[in-house]
Amino acid sequence: MTWDDAFAISSTLALAGWVILAVAPRQPWVLAVPGLAIPLLLAAGYAVIMMQHFAAAGGGFGSVAEVRALFQSDPVLVAGWQHYLAYDLFLGTWVARRLDGAGVHRVLQWPVLGACFMLGPIGFLVGWALAQLAGHTAALRGGVPA
């Protein structure tokens with residue numbers, strides 16, 4: 001398997017998780033797939049690659065130049081991609097659960113989940129703010145905030 005193959009498999013796996021999160025019923029056992037199973041698989045791939053290739057890759061985390069050097073290694077670059085995919089999907093699941101709890105309709109969640117998918121921290125920020133706003137609005141209407 002090439003590093004391009006590993007990249008494509010990781011990306012496809014994460015995309016499947018995002019599709020499940022966007023359209024599947026929000027049952028606990030369903031949410032365990034994008035919220036736990038897929039991030040764990042990606043994390044395992046990350047761990048294996050980093051244990052095998054980190055030391056030989058050169059670079060490090062102490063400066064921009066060191067990180068740039070580190071990501072010149074295809075294995076470490078794929079591991080870094082898996083890192084992003086795992087955390088963004090895990091975080092997206094957390095955001096979806098929070099928005100569900102705040103009573104935000106699924107269709108309104110899609111752009112937020114898209115932002116989590118493509119722009120991780122921005123999606124997290126928007127999702128958190130939307131959940132806060134929805135909970136505050138529910139409290140003003142006499143409901144219970146999430």
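That block above? That's the structure.
Keep in mind the model is a prediction, meaning the values are calculated, not measured.

Student: Could you clarify how one ought to interpret a nonpolar patch on the surface in this entry?
Tutor: A cluster of nonpolar side chains, contributed by Leu15, Val19, Val23, Val107 and Trp110, occupies part of the molecular surface with about 460 Å² of accessible area. For the nonpolar patch, the secondary structure elements donating two or more residues are helix H1 (3–23) and helix H5 (106–140). The greatest single-element share of the nonpolar patch, amounting to three residues, is contributed by H1. Here Leu15 lies in helix H1.

Student: Sorry if this is basic, but what is going on with the pattern of salt bridges here?
Tutor: One side chain can pair with another of opposite charge once the charged atoms of both are near each other. Considering all chains together, one arrives at one salt bridge under this definition. The partner of Asp100 in a salt bridge is Arg26, with the nearest N and O atoms 2.6 Å apart. Taken together, the positions of Asp100 in helix H4 (residues 74–101) and Arg26 in the loop between H1 and helix H2 (28–57) put the pair 74 residues apart, joining distant regions of the chain.

Analysis parameters
Residues numbered from 1 in each chain as written. Predicted model: local features only at pLDDT ≥ 70, side-chain atom pairs only at ≥ 80, totals over all residues. Heavy atoms only, no water. Patch = residues over 30% accessible without salt bridge, like charges linked within 9 Å, V, L, I, M, F, W, Y side chains within 5 Å. Areas by Shrake-Rupley, 256 points an atom, 1.4 Å probe, with all protein chains shown as cover. Salt bridge = Lys/Arg side-chain N within 4 Å of Asp/Glu carboxyl O. Helix = DSSP H or I, 4+ residues; strand = E, 2+ residues; numbered from the N terminus.

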